[in-house]
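Next come the chains, spelled out residue by residue.
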Amino acid sequence: RMLALSMDYLSGKPFQYDERDSTTLSGRASYPNQRIKRQALAENVAALPFLLKTTMLVENRELRRRVLESSVIKHVLLVPTYVGPWVTNMLRQKGLPSRAAIDYLEYVSNTTINDFVGTYRTPEIIDLEQFQHAKQAVYEKIEAMESTIPSLIVLPQEETERAVSTPIIWYCMNRSLLKPFVVATAVIDLGMEVALLLLF
C-alpha cells in the first residue's frame, strides 16, 4: 500500500494536511520531476523477481484484483523488462497458471494512459507518447518470444478463445503473418488448394 501511495503522490495526488499547523506535510515536486520519479519507482518495483507472476497466481480473485488495480502494479505492467519466459511457461500449464497468464495478457491489453500517468493529472502530449512507446515495447517483447502463439495450442478451447480476443495476441498473430517463413507456407498451402481445385 505504501508503494501505491507513493505512486499516487508522484501522479499529483495532494498531500495530506497537518491539522496542527494547516501546512502540507511536504512540498509537491514539479510535474516533469514527478514523471521521472514515477517511472523510476515502477522500474524498481519491476526489478523484484517474480512479483507480478506471484501476484497473478494468487487464488483469491478479489485480493488479486485489488493488487492488480493498484497504481503501482498498473504501471509495472507497462515495464517491458518485466516480460519474460514466465508468461509462456504459465500458458502451457493447466488450470490456474494458464488462466492467470491470460488474465495478465488482458490486463496488459487493457492498460490506458491513466494507468501510466495516474488519475490525479491531465495527461500531456509527452505522457501519451511515452505511454504508447512503453505499451508497444511490452507488445514487442511478448511477440518476440517464439513460444507465445504455440503455447496457445495446448489450452482448452475456451481459454484459447479468451487469449485470442486480446489485442496483444492479435498483434502477435499479425506480426507472425508478416514473417517470410509464415508467408511462404501460406502461399504454398494456397497454391496446393488451387491446384487440387483445378485437377478435380
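Everything that follows concerns the structure shown earlier in this document.
Please read these numbers as outputs of a predicted model, since none were measured by experiment.

K.L.:
Is there a simple way to think about the packing of helix α7 (residues 96-109) against helix α9 (residues 125-144) in this case?
P.N.:
In a pair of packed helices, the angle between the axes and the distance between the axes together describe the arrangement. Between α7 and α9, the least distance of the axes is 11 Å, while the angle of their chain directions is 150 degrees. Overall, the two elements α7 and α9 adopt an arrangement that is roughly antiparallel. Contact residues: α7 offers Tyr104, Leu105, Val108 and Ser109, while α9 offers Lys135, Val138, Tyr139 and Ile142.

K.L.:
When you look at the pattern of salt bridges in this model, what are you seeing that I'm missing?
P.N.:
Any two side chains of opposite charge can pair, on the condition that their charged atoms come close. Enumeration according to the criterion identifies eight salt bridges in this entry. Residue Arg65 pairs with Glu62 through a salt bridge whose shortest N-O separation is 2.5 Å. In this pair, Arg65 and Glu62 are both assigned in helix α4 (residues 61-68), three residues apart and thus about one turn of the helix distant. We classify Glu62 as partly exposed; its relative accessible area is 38%. Across the pair Asp103 and Arg64 runs a salt bridge whose closest N-O atoms are separated by 3.0 Å. Here Asp103 is found in helix α7, whereas its partner Arg64 is found in helix α4, with 39 residues between them in sequence.

K.L.:
Help me understand the nonpolar core, please; the structure alone is not making it clear to me.
P.N.:
Proteins that are soluble and globular tend to have nonpolar side chains buried together. Counting residues in hydrophobic clusters, the biggest one holds 31 residues, and the most contacted among them are Leu52, Trp86, Tyr104, Leu105, Val108, Ile142 and Ile168. Elements with a minimum of two residues in this core: α3 (51-56), α5 (71-76), α6 (86-91), α7, α9 and α12 (167-177). The contact partners of Trp86, leaving out residues within four places of it in the chain, are Leu52, Lys53 and Tyr104. Grouped together as the second largest cluster of nonpolar side chains are six residues, Ile113, Phe116, Val117 and Ala134 included.

K.L.:
For this particular structure, what's the right way to read the packing of aromatic side chains?
P.N.:
Each aromatic ring pair is summarised here by two numbers: the centre-to-centre distance and the angle between the ring planes. Tallied over the entire structure, the rule returns four aromatic pairs. Ring centres 6.1 Å apart and planes at 55 degrees place the aromatic pair Phe116 and Phe131 in the tilted group. Of this pair, Phe116 sits in helix α8 (residues 113-117) while Phe131 sits in helix α9, placing them 15 residues apart in sequence. Like Phe116, the residue Phe131 is buried in the burial classification.

K.L.:
For this particular structure, what's the right way to read the side chain of Thr88?
P.N.:
Here Thr88 is to be found in helix α6. When its relative accessible area of 2% is taken as the criterion, Thr88 is described as buried. Within the structure, the side chain of Thr88 is placed 3.4 Å from the side chain of Ser147, a separation counted as a polar contact. In this view, Thr88 contacts Met145, Ser147, Thr148 and Ser151; residues no more than four positions away in its chain are not counted.

K.L.:
Help me understand the packing of α7 against helix α11 (residues 157-164) in this model?
P.N.:
Packing of α7 against α11 brings their axes to within 9 Å, and their N-to-C directions diverge by 15 degrees. Classified by the angle between their axes, α7 and α11 sit roughly parallel to one another. For the element pair α7 and α11, the recorded crossing hand is left-handed. For the pair α7 and α11, the contacting residues are Arg99, Ile102, Asp103 and Glu106 in the first and Glu159, Arg162 and Ala163 in the second. Split into classes, the residues belonging to the contact of α7 with α11 amount to two nonpolar, no polar and five charged.

Thresholds applied
Residues numbered from 1 in each chain as written. Predicted model: local features only at pLDDT ≥ 70, side-chain atom pairs only at ≥ 80, totals over all residues. Heavy atoms only, no water. Axes fitted to C-alpha atoms, helices over the stretch in contact; angles between N-to-C directions. Helix = DSSP H or I, 4+ residues; strand = E, 2+ residues; numbered from the N terminus. Parallel < 35°, antiparallel > 145°, perpendicular 65-115°, else oblique. Contact = heavy atoms within 4.5 Å. Salt bridge = Lys/Arg side-chain N within 4 Å of Asp/Glu carboxyl O. Buried < 20%, exposed > 50% of the residue type's maximum accessible area, 1.4 Å probe, protein only. Core = buried A, V, L, I, M, F, W, Y, C linked by side-chain atoms within 4.5 Å. Phe/Tyr/Trp six-rings, centres within 6.5 Å; stacked < 30°, edge-to-face > 60°. Polar contact = N/O pair within 3.5 Å; in protein donor to acceptor, adjacent residues only side chain to side chain. Left-handed = near helix turned anticlockwise from the far one by under 90°. Nonpolar A, V, L, I, M, F, W, Y, C, P; charged D, E, K, R; others polar.

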